Amino acid sequence: MKRLGILALALVLSAALLGGAQAQAAGKIVVGAKNFTEQYVLGNMLTLVLEDHGFDVTTRMGTGSTVTRKALETGQIGLYPEYTGTAWLTYLGHEKVINDPQELYRKVKAEDSENGILWFAKAPLNNTYALAIREKDVDAYGSTLSELAAYNNAHPEELVFGMGSEFYERADGFFAMAELYGFEINKSEQIKLMELGLTFEAIDRNQIDVAMTFATDGKIPKFNLVVLEDDKNFFPPYNISVCANQKVVDKYPELKEIFPPIMATLDNETMQRLNYEVDVEGKPARMVAEMYLKEKGFLQ
């Protein structure tokens with residue numbers, strides 16, 4: 001009986017110690033995300049993985065870029081997914097475009113560390129500007145921007161380009177790209193300005209031949225489009241990474257090990273598929289995130 005009493009006491013003490021350790025390990029973190037599909041999916045991935053590691057997670061998703069960034073700086077959120085190109089051009093205020101993805105990541109990471117923001121490893125995913133064509137036109141137009149320029153110049157005023165007004169007007173937009181690649185463009189005949197979401201329907205209806213889009217848009221596979229390779233690296237890189245407030249990482253250093261393996265699995269084709277499941281198939285972003293994490297073995 002005495003032995004049983006000692007054993008029972010030991011079990012109680014062990015349970016108390018274990019419970020205390022778990023309580024100490026489980027911290028509170030606020031996860032943020034911007035206000036578009038890709039961000040909701042990625043934000044839910046971060047949330048689910050943190051919850052699986054015992055964290056008490058609150059989400060603050062659906063805010064604009066500037067608001068989300070400011071919330072990170074002030075500690076209102078602990079971490080969120082961000083793009084290298086956005087940080088470099090918008091938050092850090094640089095005008096010079098860096099076209100090399102690795103160089104851009106290194107510079108953003110180094111400069112932002114002075115702002116108390118830590119960038120974890122970047123993903124292959126690069127959600128930059130892109131031009132897309134119908135899959136059936138690849139044999140004629142080519143698969144790169146250089147080949148499209150050659151076709152365009154050999155068939156004057158045949159191709160019609162659909163794009164948003166910002167890409168049309170900005171100094172580093174369509175015409176800077178056209179100059180680099182040598183496109184000969186008749187503005188009045190070859191360019192149609194429209195809302196970005198309408199370019200997909202327009203190319204599907206043969207109202208345009210080339211659609212401006214973003215490289216990971218879920219509608220690209222829906223409309224059987226092919227993103228043309230930017231073979232001269234005109235467009236700035238927008239690789240995704242998890243950004244965290246340095247104070248949060250100091251408090252929970254294990255965060256450094258949690259996210260990089262997940263980010264390493266995310267490329268443009270994968271993100272297109274996940275965005276497609278939300279935008280086209282109507283699945284909730286959290287469900288899509290959970291299914292992906294389970295598929296890759298990050299969740300049971």
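Going by the structure above, here's the rest.
These lines cover the structure that appears in this document, whether it is placed above or below. (Residues numbered from 1 in each chain as written. Predicted model: local features only at pLDDT ≥ 70, side-chain atom pairs only at ≥ 80, totals over all residues. Heavy atoms only, no water.)

### A closer look at the pairing of strand S8 (residues 210-214)
- Buried residues dominate S8, accounting for four of its five residues.
- One ladder, built from four bridges, connects strand S5 (residues 129-134) with S8; its direction is antiparallel. Looking at S8, one finds that Tyr129 is bridged to Phe214.
- Relative to S8, strand S6 (residues 161-163) runs parallel, the two sharing two bridges. Bridge pairing in S8 links Gly162 to Ala211. (Buried < 20%, exposed > 50% of the residue type's maximum accessible area, 1.4 Å probe, protein only. Helix = DSSP H or I, 4+ residues; strand = E, 2+ residues; numbered from the N terminus. Pairing = 2+ DSSP bridges.)

### Here we look at the environment of Gly62
- Along the polypeptide, Gly62 turns up in strand S2 (residues 56-63).
- What makes Gly62 partly exposed here is its relative accessible area of 31%.

### Details of unusual backbone geometry
- One non-glycine residue, Asn224, lies in positive phi territory at about 55 degrees.
- Note that Asn224 resides in the loop between helix H12 (219-222) and strand S9 (225-227).
- By relative accessible area, Asn224 is classed as partly exposed at 48%.
- Despite not being glycine, Asn233 shows a phi value in the positive range, around 55 degrees.
- Looking at the element boundaries, Asn233 is found in the loop between S9 and strand S10 (240-245).
- Classification of Asn233 by relative accessible area gives partly exposed; the value is 46%.

### Here we look at the layout of surface pockets
- By volume, the largest pocket amounts to about 780 Å³.
- Lining the largest pocket are 31 residues; nearest its centre among them are Phe36, Asn127, Tyr129, Leu196 and Phe214.
- For the lining of the largest pocket, the secondary-structure elements that each account for two or more residues are helix H2 (37-52), helix H4 (84-91), helix H8 (165-169), helix H11 (199-204), S8 and helix H16 (268-279).
- A per-element tally of the lining of the largest pocket places H4 first, with four residues.
- Among the residues forming the lining of the largest pocket, the class breakdown is ten nonpolar, 14 polar and seven charged.
- One number sums up the size of the second largest pocket: a volume of about 250 Å³.
- Every residue lining the second largest pocket is counted, 17 residues in all, and those nearest its centre are Asn126, Thr128, Asp230, Asn233 and Phe235.
- No other element matches the three residues that S5 contributes to the lining of the second largest pocket.
- Looking at the lining of the second largest pocket residue by residue, the classes come out as ten nonpolar, five polar and two charged. (1 Å grid on protein atoms, 1.4 Å probe; cavity = no way out; pocket = protein on both sides within 12 Å on 5 of 7 lines; lining within 4 Å. Points joined across faces, edges and corners; volume = space filled by probe spheres on them. Nonpolar A, V, L, I, M, F, W, Y, C, P; charged D, E, K, R; others polar.)

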